[in-house]
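# Structural overview
Below, each chain spelled out in residue letters.
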Amino acid sequence: MQKSDRAKTDQLIHASRTTLWLALIVVALLGAIALAINLFPESGWGNRLQQLLQILPIFIVAGIFSIRKKGLKLDPNDSAMKAVLEDELRVASVQRAYRYGFIGVLFAQPTLALLLQLIQQNNVWLMCSMSLTLGLSVFIVTTLILDR
């Protein structure tokens, strides 16, 4: 691998990690909004957070453009991109992260069911949104931890 390819590979890995951090922030924010809307649907917080949901796509697009602004071309046929995508340790860490996310969701189901019974909520949407948030968060955090 040439020196310029190595530098480009490092830039791609850095962009990938930055994207994962951005995804984690968005997932946590969406999970918090879903929790607040489902627990307090008639309060002022629920209405404010629903208004925030309307402008959230603008912030997501701005974050993606700020990452892509660095001049990286994401050509899948490029040797640096192939090196990143075909890295065995990276693929193995992503597969482990999938498993950890799935196991986290499986173990969370009884806990969420008991918690919803304790707070007198019988809301399937609340359990669904919390399961989704937990699974994605565990997957992203595990990917960030296991990745080099």
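Thresholds, definitions, all that
Residues numbered from 1 in each chain as written. Predicted model: local features only at pLDDT ≥ 70, side-chain atom pairs only at ≥ 80, totals over all residues. Heavy atoms only, no water. Helix = DSSP H or I, 4+ residues; strand = E, 2+ residues; numbered from the N terminus. Buried < 20%, exposed > 50% of the residue type's maximum accessible area, 1.4 Å probe, protein only. Axes fitted to C-alpha atoms, helices over the stretch in contact; angles between N-to-C directions. Parallel < 35°, antiparallel > 145°, perpendicular 65-115°, else oblique. Left-handed = near helix turned anticlockwise from the far one by under 90°. Nonpolar A, V, L, I, M, F, W, Y, C, P; charged D, E, K, R; others polar. Patch = residues over 30% accessible without salt bridge, like charges linked within 9 Å, V, L, I, M, F, W, Y side chains within 5 Å. Areas by Shrake-Rupley, 256 points an atom, 1.4 Å probe, with all protein chains shown as cover. Salt bridge = Lys/Arg side-chain N within 4 Å of Asp/Glu carboxyl O. Contact = heavy atoms within 4.5 Å. Expected span 1.5 Å × (residues − 1). Bend = angle between axes of the 7 residues up to and from the residue. Core = buried A, V, L, I, M, F, W, Y, C linked by side-chain atoms within 4.5 Å. Phe/Tyr/Trp six-rings, centres within 6.5 Å; stacked < 30°, edge-to-face > 60°.

### Some words on the overall build of the protein chain
The helix and strand tally for the protein chain stands at five helices and zero strands. Listing each helix as α and each strand as β along the protein chain from the N terminus yields α-α-α-α-α. Looking at the protein chain as a whole, 30% of its 148 residues qualify as buried.

### Overview of the packing of helix H4 (residues 88-118) against helix H5 (residues 124-146)
Between H4 and H5, the shortest axis-to-axis distance is 8 Å and the interhelical angle comes to 150°. It follows that H4 is roughly antiparallel to H5 by the angle criterion. Considering how the two elements wind past one another, H4 and H5 form a crossing that is right-handed. By residue class, the composition of the contact of H4 with H5 is 16 nonpolar, eight polar and one charged.

### Points about a nonpolar patch on the surface
A cluster of nonpolar side chains, namely Tyr 100, Phe 102, Ile 103, Leu 106 and Phe 107, defines an oily patch on the protein surface of about 550 Å² accessible area. Structurally, the position occupied by Phe 102 is in helix H4. Note on Phe 102: relative accessible area 55%, which makes it exposed.

### Structural notes on the side chain of Ser 129
By secondary structure assignment, the location of Ser 129 is in helix H5. According to the relative accessible area criterion, Ser 129 is buried, its value standing at 14%. In this structure Ser 129 touches Ala 34 and Asn 38, once residues within four positions along its chain are discounted.

### Let's talk about H4
End to end, H4 covers 45 Å across 31 residues, agreeing with the expected 45 Å (1.5 Å per residue, within 8%). At Ala 108, H4 shows its largest kink, close to 35°, and the proline Pro 110 lies no more than four residues downstream. Once H4 finishes, Gln 120 follows within two positions and takes phi at roughly 60°, a positive value.

### What to know about the nonpolar core
Note on soluble globular proteins: their nonpolar side chains tend to be buried together. If you look at the biggest cluster of nonpolar residues, it comprises seven residues: Leu 20, Leu 24, Val 27, Ala 97, Phe 139, Ile 140 and Leu 144. When residues of this core are traced back to their parent elements, those giving at least two are helix H1 (3-39) and H5. Within the second largest apolar cluster, five residues are counted, among which are Ala 108, Leu 112, Leu 116 and Met 130.

### Quick notes on H5
With 23 residues, H5 extends 33 Å between its outermost C-alpha atoms, agreeing within 8% with the 33 Å of an ideal straight helix rising 1.5 Å per residue. For H5, the set of buried residues is Leu 126, Ser 129, Met 130, Ser 131, Thr 133, Gly 135, Ser 137, Phe 139, Ile 140, Thr 142, Thr 143 and Leu 144.

### Let's talk about the packing of aromatic side chains
Within the structure shown, the criterion is met by one aromatic pair. Ring centres 4.8 Å apart and planes at 10° place the aromatic pair Tyr 98 and Phe 139 in the stacked group. Note that Tyr 98 is positioned in helix H4 and Phe 139 in helix H5, a separation of 41 residues in sequence. Judged by its relative accessible area of 53%, Tyr 98 falls in the exposed class. Classification of Phe 139 as buried rests on a relative accessible area of 18%.

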